[in-house]
Amino acid sequence: MTKEKQQVTPVRNFNMNDYQKNDETAKGLATTHEQVSDLYKEGEVVPSKYEETLPRNSFNKTK
């Protein structure tokens with residue numbers, strides 16, 4: 001097989017059962033999943049350079 005055709009595939013993805021498993025990979029996947037889930041739910045407020053151009057009130061649309 002040539003290098004162009006070789007593909008790296010993940011050995012394992014997160015599974016909900018990883019929370020109950022006791023091996024290192026499962027613990028790592030469960031911890032990472034929890035962290036990403038928390039950040040996704042919490043959201044991250046990052047100021048945008050376009051902040052002032054975003055409409056904030058749909059009733060005050062400019063024509």
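Refer to the structure presented above.
All residue numbers refer to positions counted from 1 along the written sequence of the respective chain. Residues qualify for local features only when their pLDDT is at least 70, as the model is predicted, and side-chain atom pairs are given and counted only at 80 or more; totals for whole chains, interfaces and linings, by contrast, use all residues. The side-chain values count all of the structure's non-hydrogen atoms but skip hydrogen atoms and water molecules.

Colleague: Please clarify how the overall build of the chain should be interpreted in this entry.
Modeller: Comment: elements are numbered from the N terminus, with helices defined as DSSP H or I runs of at least four residues and strands as E runs of at least two. Scanning the chain from terminus to terminus reveals one helix and zero strands. Only protein chains enter the accessibility calculation, which uses a 1.4 Å probe; a residue is then buried when its area is under 20% of its type maximum, exposed when over 50%, and partly exposed in between. Residue burial in the chain is summarised as follows: out of 63 residues, 6% are buried. For the chain, the computed accessible surface area is about 6800 Å², with 53% contributed by carbon and sulfur atoms. Throughout, the Shrake-Rupley method with a 1.4 Å probe supplies accessible areas, and for residues the shown protein chains are the sole cover considered.

Colleague: Explain the pattern of salt bridges to me, please; I cannot follow it from the model alone.
Modeller: Side chains that differ in charge, positive against negative, can pair when their charged atoms come close. The term salt bridge refers to a side-chain nitrogen of Lys or Arg lying within 4 Å of a carboxyl oxygen of Asp or Glu. For the structure on display, the rule yields two salt bridges. A salt bridge links D18 to R12; the shortest N-O distance between them is 2.2 Å. The partly exposed category is assigned to R12, whose relative accessible area is 31%. Three or more residues joined by partner-sharing salt bridges are found here, namely R12, D18 and D23.

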